[in-house]
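Each chain, written out:
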Amino acid sequence: MRVAAFTELTGPEGVGIVEQPNPEPGPGEAVIDVEACAINRHDLWILEGDSAMVATDDLPFVSGLDVAGVVREIGVGVENIAPGDRVVLCPNETCGTCRFCREGPENLCESYSLYHGGLAEQALVTADRLVPLPDNVETTTAAAIPTAYMTAFRMLKRAEVGPGDLVFVPGATGGVGVATVQLASIFGARTVGTSSSDSKLAQLNALGLDHAIQGTDPDELAAAVEAIGTPDAVINHLGGAYTKLGLGLLRRGGRMVICGRTAGNTSEINIPDLFLGHKRVIGSTMGTQGDLESLLSLVASGDLEPEIDETYPLEETGAAFASMQERDAVGKLVVTN
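Residues numbered from 1 in each chain as written. Predicted model: local features only at pLDDT ≥ 70, side-chain atom pairs only at ≥ 80, totals over all residues. Heavy atoms only, no water.

Break down the pairing of strand β17 (residues 332-336) for me, citing the residues and quoting the values.
The buried fraction of β17 amounts to four of the five residues, a majority that puts the element mostly inside the structure. Relative to β17, strand β16 (residues 308-313) runs parallel, the two being bridged by five bridges. Each bridged residue has a counterpart across the sheet, and for Y312 the counterpart in β17 is V335. In the classification by handedness, the crossover that spans β16, the intervening helix α11 (residues 317-325) and the parallel β17 is right-handed. (Buried < 20%, exposed > 50% of the residue type's maximum accessible area, 1.4 Å probe, protein only. Helix = DSSP H or I, 4+ residues; strand = E, 2+ residues; numbered from the N terminus. Pairing = 2+ DSSP bridges. Right-handed = clockwise from strand over helix to strand, strands pointing away.)

In structure tokens:
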């Protein structure tokens, strides 16, 4: 089979199409004919050499978390799916035995990790992580859901966002940002989103963004948000200086949930403002398989349409990562077979 492998950790030019043996399922496993696999910032960090997860000794490395396709073959003991089923993968990898796997939520697993291997014609996966697709949900649409939409869905829940809330989303035109805007609207909340691009914000307005702010300077953004209102929640996938910005903007008792570090690993915060304002800063990673099932139901019912910016054939996977690196996209980038 062909795979889009990372042959060098140097950025998009390090992606090459190579041949690898077709996988065979062991007990509890399944082989999927991959029809679509979305890419994520997580993959790009690996490709740029900015992840401790993968080193040069691991090359060639096949990434790709968000896999959707058709079951080709199953291993011994698999009962939840059968060959021919259309499925999407929940990319969570958990131990199944720690207190968090037993009691939930599973994404707190003490050995939590993520699946890699979807940027290929076939993928070997743990069968009980496969979720059947409703008849009216295409595999390309399904592949756009797991990482970005699971993450945003879980963050909104952890931020206790409800009808009438004002949600601040810095960097709203990225994958998690777009998902947050769409899902916050379903939750009945209003959104304030930022971007460096007016054209991207115009696209986001069409997806339900209530208030658009063009710019990246935290001080200027603070004034612009304050002119709109006081956020009840901040959904922060950027980290860095946007953490201080978000905390300062929150109302008393407000909640900021953080899932990323694109803008930096550290931030200064005002400690008295944190405790005197009864504010909460919450870390969050991905979501649960139950969240993925809920999202699929929203898509099947027509309440949610995941935003896909562009699709690329497998041989153009490097171009997909170049687009992500250049921040050209609004929504998901999906590699198809």
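Here the narrative resumes, following the displayed structure.
Residue-level account of the side chain of D291, with values.
Its location among the elements puts D291 in helix α10 (residues 289-300). Here the side chain of D291 touches R154 through a polar contact of 3.0 Å, side chain to side chain. D291 has contacts with F153, R154 and K157, leaving out every residue within four places of it along the chain. (Polar contact = N/O pair within 3.5 Å; in protein donor to acceptor, adjacent residues only side chain to side chain. Contact = heavy atoms within 4.5 Å.)

Describe the environment of T336, naming the residues involved and giving the relevant values.
Along the chain, T336 falls in strand β17. The sequence separation of T336 and T317 amounts to 19 residues, and the corresponding C-alpha distance is 9.2 Å. If near-sequence neighbours (up to four positions away) are discounted, T336 is found in contact with E35, A36, T140, T311, Y312, P313 and L314.

Describe the state of the cysteines, with residues and values.
Evaluated as defined, the whole model comprises zero disulfides. You can see C90 has no disulfide; the closest cysteine sulfur is in C101, sitting 12 Å from it. (Disulfide = S-S within 2.5 Å.)

Explain the packing of aromatic side chains to me, and be specific about the residues and the numbers.
In this structure the tally under the stated criterion is three aromatic pairs. Plain terms: the ring middles of F6 and F61 are 6.3 Å apart, the flat faces sit at 50° to each other, and that makes the pair tilted. Pair noted here: F6 is in strand β1 (residues 2-6) and F61 is in the loop between α1 (41-47) and β4 (66-74), with a separation of 55 residues, a long-range link. Residue F6 is classed as buried on the basis of its relative accessible area of 0%. Assessed through its relative accessible area of 16%, F61 is described here as buried. Pairing F153 with F187 gives two aromatic rings, centres 5.9 Å apart and planes at 90°, and the pair type is edge-to-face. (Phe/Tyr/Trp six-rings, centres within 6.5 Å; stacked < 30°, edge-to-face > 60°.)

Hey, could you go over the environment of C259 for me, with residue numbers and the actual values?
Within the fold, C259 resides in the loop between β14 (255-258) and α9 (271-276). Measuring from C-alpha to C-alpha, the distance between C259 and I46 comes to 17 Å, with 213 residues separating the pair along the chain.

Describe α10, naming the residues involved and giving the relevant values.
For α10, spanning 12 residues, the distance from its first C-alpha to its last is 17 Å, which sits close to the expected 16 Å at 1.5 Å a residue. The set of residues buried in α10 consists of Q289, D291, L292, L295, L296, L298 and V299. Buried residues of α10, seen end-on, are gathered within an arc of 170° and therefore sit on one face of the element. Of the surrounding secondary structure, the elements contacted by the buried residues of α10 are β5 (86-89), β6 (92-93), β9 (130-132), α3 (139-143), α4 (146-158) and α5 (175-186). Where α10 ends, the next residue or the one after it, G302, has phi of about 90°, a positive value. (Expected span 1.5 Å × (residues − 1). Arc of directions from axis to C-beta.)

I'd like a description of the pairing of strand β11 (residues 190-195), backed by residues and values.
Burial analysis of β11 places five of its six residues in the buried class, the great majority of the element. Two strands pair when backbone bridges link them, and strand β10 (residues 166-169) and β11 are joined in this way by four bridges, in the parallel orientation. When the sheet's bridge partners are listed, F168 is paired in β11 with V192. Handedness of the crossover joining β10 and β11 through α5 is recorded here as right-handed. As judged from the four bridges shared by β11 and strand β12 (residues 211-214), these two strands associate in the parallel manner. Considered in β12, the bridge of T194 is made with I213.

Explain helix α7 (residues 218-228) residue by residue, including any values.
Turning to α7, its buried residues are L221, A222 and V225. Down the axis of α7, the sector holding all buried residues measures 105°, keeping them to one side. Opposite the buried face of α7, at more than 90 degrees from it, the exposed residues are D219, E220 and A227. Turning to α7, the residues buried within the fold contact β10, β11, β12 and α8 (241-249).

Tell me about the side chain of R129, and name the residues and values.
Among the structural elements, R129 can be located in the loop between β8 (122-126) and β9. In this structure R129 comes out as buried when scored by relative accessible area, which is 11%. A distance of 3.1 Å separates a polar atom in the side chain of R129 from the backbone oxygen of N92. At 2.7 Å, the side chain of R129 and the side chain of Q289 are in polar contact. Dropping the residues within four chain positions of it, R129 is found in contact with V88, L89, C90, N92, T94, E106 and Q289.

Account for the sheet that holds β10, naming residues and giving values.
Strand order in the open sheet formed by six strands is β12-β11-β10-β13-β14-β15, and the pairing between neighbours is parallel. The sheet is open, and its two borders are formed by β12 and β15 (280-283), each paired with just one other strand. Taking the axes of each pair of neighbouring strands and ignoring which way they run, one obtains an average angle of 20° across the sheet. For strand β13 (residues 233-236) and β14, the ladder comprises four bridges, and the chain directions are parallel. By the bridge assignment, N236 is partnered in β14 with I258. On the sheet, helix α6 (residues 198-206) packs against β11 and β12 and is oriented at approximately 170° with respect to β12. (Axes fitted to C-alpha atoms, helices over the stretch in contact; angles between N-to-C directions.)

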